[in-house]
Amino acid sequence: MARGCAVIGLWNGMPLAASLAWLVGALLSAGAAAWIWRSGASARPDRWPLFAAAAFSALWCMLSFALGPHHLASALAVVARNLCLIAAIFRLFSADGRAASLKPIRPVIFALVLVELYQLVVVLFQWRAAGLGGAEQLIFEVRALIDMLVAIGALMMLHNLYAGASGGSRTLLRWSVIGLAGIFAYDLNLGTIAYLGGDDPAFLTGLRGLFAGVMSALFALGTNPVGPRVQFSPSRAVTFRTLSLLLIGSYLVLMVLAAKSLALIGGDIARTSQLVFVLLAVVAVALAVPSPRLRGWLRVTATKHLFQHRYDYREEWLRFTRTIGRSGAGSASLEERAIKALADITESPAGLLLVPDEQARFELLARWNWSTLAVPALAADYRLTGLIEQHNLVLALDEARAGMDHHGELALVPDWLTEAEDAWAVVPLIHFDRLVGAIVLARPRIERRLDWEDFDLLKVAGQQLASYLSEQAGQQALMDASRFDEFNRRMAFVMHDIKNLASQLSLLAANAEKHADNPAFRADMLVTLRNSAEKLSALLAKLGRYGQGQVHDLKPIDLAQLARGIAEQFRAVHPVALTREASVRVMGNREALEKALVHLVQNAIDASANAMPVSLNVTADGLYGTIEVIDSGEGMSPEFVRTGLFKPFVSSKSGGFGIGAFEARELVKGMGGRIGVESRAGLGTRFSVMLPLAEAARLLGGQDGTDEIPYGEVA
């Protein structure tokens, strides 16, 4: 019988060794199918696909033995076997018992099935186009390419399946995965050699049936009782590269088909068409590869359809930590790094950091890649900050624009946020139930909506950023306290020396009254000494008042008259113009207020060009009178206004002591007033000094005067 079968193989032009290999492969495959049918574990999800694959493998080997491996019937049988093998891979992914595990791999399985069905179409076309010499080589190459694509896709799936399984699950998968990987690896090697060589390698083609039979025997070994559950957890990088490989392979197939089809036409038209096609393909690749939008779309699509979770939390945490920890000379500030760390999570291209001021109203502190968005000095009302703090609320601004209201935040979201179409989300930064700030994220390049996973991850990242910012603020407070302590110690020595000097001068004046012989000299010496003693005593009194909360001897002051006097005082140094002078009388200490205003005007002059005047405006608003000092100088950054302007020993001027603005604010606060500042780098600065009106002093007499106007950016 065996000799007769071998003769059949020889009739079809195959050597005896190849005929025997196909025959043995058929017997092994048939035996494996029978074993799986009778003894295979019924609970295994891959039992029936492997049985069908072994059965079709036996049929294919027998047809190849009897009719030859290139016969139409043999080609149809191998297509059916490959479809069963793909089905077996799909069923192996379902072995974890959850329907959700099947969702990520359905698109890839569908793509593999579709590509294998293309092989069926090509085989049928080959049967109908028999005898066309020009088409035979093209069909051969297309079939080889399809075999390679299917083999590559199946091997990628098997790699992800086995790499994502636990140690116990790999025992369950071992023999089945080895058998499947062996078949597709052999087909990939055979197809590659055939495509590059232009013809089927006789030796590898003859051994293909025997190898398939051995791998089918491994299927029989793998059908053991069900072991541990399988969990599919492939790497996102592997998945992204797999999709990229499939896209590249599809593009390669299209290129080959188009080139071969044009070659069949021949002539100048074919050569011109090929050249145009290649040029268009090169231009398309050159435009698509560097595109961040295309890469972002591919990444979002892969994550959305192939994974149960959008984020790779390990990679996100490592990138978050690297961004925050990147410090040193030339690096961005912690505030800017905080914005970037949060924006990288959602792939947002820009962001803002808002912080609550002393009255719990949002103001701008820092920007990252968002210089075009105009932010008002008062970015949001205190009620919004309280609502965000109470509910740890991540504001999805698209929902606010659509009229969706969850906790009453719709009426509190400022207009500048809803009108800015690029503004996408507001993430709270909460540290120990206290709102440290909020980060406004710009809209990602790839449009999508925020979901529960975004909310959870952004809240956790926001809490971590809040701890970093709070730690930095605490360290800055300790440094300021240390500097103040040193300053107080120095001032104590100065006050002690001045006090001793004043006592000595007073004693000298008393002795001079008794012992001076020359009446004229005595009179002159007495006047001089008394004036010196009075000046030193006045200086001592002023130094003693530093650090006290209140300024005494408050009297009505005409702000317009005071402003005219200050403008006249600086006229010889720099042009100072009084542009508005309403009749306003406020309560305050004239000497202290004048000193504070002189500080502010001097700072404005230092920041302005020689020909640019400094403006003074005197107005009344409600219960307060206001005098504004306005310049068109260099301006200040929001970060400096927030963290450095009113901090002692911090100055933006070379050689400055950083005391003037701090002293001016303390003097105004001591009179029950407030100082606010609005500044924009490159445009200028506006200082506003507000004091209670004299008529309203009785109503405001119970206030401690510790409040301040918020200071931030000019809108």
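An account of the accompanying structure is given in this report. (Residues numbered from 1 in each chain as written. Predicted model: local features only at pLDDT ≥ 70, side-chain atom pairs only at ≥ 80, totals over all residues. Heavy atoms only, no water.)

**Description of the overall build of the chain**
- Helix and strand content of the chain: 22 helices and 13 strands.
- A total of 715 residues make up the chain; the buried ones form 44% of that total.
- When contacts within the chain are restricted to residue pairs at least 6 apart in sequence, those whose partners lie at least 24 apart make up 72%.
- For the chain, the exposed area adds up to about 36,200 Å²; of that, 61% sits on carbon and sulfur atoms. (Helix = DSSP H or I, 4+ residues; strand = E, 2+ residues; numbered from the N terminus. Buried < 20%, exposed > 50% of the residue type's maximum accessible area, 1.4 Å probe, protein only. Contact = heavy atoms within 4.5 Å. Areas by Shrake-Rupley, 256 points an atom, 1.4 Å probe, with all protein chains shown as cover.)

**Some points on helix 13 (residues 334-346)**
- Given a rise of 1.5 Å per residue, 13 residues ought to cover 18 Å, and the 19 Å separating the end C-alpha atoms of helix 13 matches this to within 8%.
- Of the residues making up helix 13, those classed as buried are L334, E335, R337, A338, I339, A341, L342, A343, D344, I345 and T346.
- Once helix 13 ends, the next one or two residues include E347, with phi positive near 60°. (Expected span 1.5 Å × (residues − 1).)

**Notes on unusual backbone geometry**
- In this structure, A360 is a non-glycine residue whose phi angle is positive, near 65°.
- Relative to the assigned elements, A360 resides in the loop between strand 1 (351-356) and strand 2 (362-368).
- You will see that F432, though not glycine, has its phi angle at about 55°, which is positive.
- Along the polypeptide, F432 turns up in the loop between strand 4 (423-431) and strand 5 (434-442).

**What to know about the pattern of salt bridges**
- What the rule picks out here adds up to 11 salt bridges.
- One salt bridge in this structure joins R383 and D381, with 2.9 Å as the shortest N-O distance.
- A salt bridge links D398 to R443; its shortest N-O distance comes to 2.8 Å. One end of the pair, D398, is in helix 15 (residues 397-401); the other, R443, is in the loop between strand 5 and helix 17 (452-515), and 45 residues separate them in sequence.
- Residue classification places D398 among the partly exposed positions, given a relative accessible area of 29%.
- When its relative accessible area of 16% is taken as the criterion, R443 is described as buried.
- Three or more residues are tied together by salt bridges with common partners; here these are R81, D187 and R208. (Salt bridge = Lys/Arg side-chain N within 4 Å of Asp/Glu carboxyl O.)

**A word on the sheet that holds strand 3 (residues 395-396)**
- Pairing in this open sheet of five strands is antiparallel, and the strands run 2-1-5-4-3 from one edge to the other. Among the strands making up the open sheet, the edge pair consists of strand 2 and strand 3.
- Where strand 1 lies against strand 2, six bridges are found, and the strand directions are antiparallel. Within strand 2, the residue paired with G351 across the bridge is W368. (Pairing = 2+ DSSP bridges.)

**A few points about the pairing of strand 10 (residues 624-631)**
- With eight of eight residues buried, strand 10 lies mostly within the body of the structure.
- Every second residue of strand 10 is oriented toward a common face, with Y624, T626, E628 and I630 on one face and G625, I627, V629 and D631 on the other, all of them buried.
- The turn joining strand 9 (residues 614-621) and strand 10, which pair antiparallel and follow one another in sequence, is formed by two residues; a positive phi near 65° is taken by G622.
- Bridge count between strand 10 and strand 12 (residues 684-692): eight bridges; the pairing is antiparallel. Each residue of the ladder has a partner; that of G625, found in strand 12, is L691.

**A word on the packing of helix 3 (residues 47-67) against helix 8 (residues 202-222)**
- For the pair helix 3 and helix 8, the least separation of the axes is 10 Å and the interaxial angle reads 160°. One finds that helix 3 runs roughly antiparallel with respect to helix 8. Pair helix 3 / helix 8 crosses with left-handed handedness. Together, L50, A54, S57, W60 and C61 of helix 3 and R208, G209, A212, S216 and F219 of helix 8 make up the contact between the two elements.
- When the residues that make up the contact of helix 3 with helix 8 are grouped by side-chain class, the tally is six nonpolar, three polar and one charged. (Axes fitted to C-alpha atoms, helices over the stretch in contact; angles between N-to-C directions. Parallel < 35°, antiparallel > 145°, perpendicular 65-115°, else oblique. Left-handed = near helix turned anticlockwise from the far one by under 90°. Nonpolar A, V, L, I, M, F, W, Y, C, P; charged D, E, K, R; others polar.)

Everything listed here is a matter of coordinates, which is why it stays silent on function.
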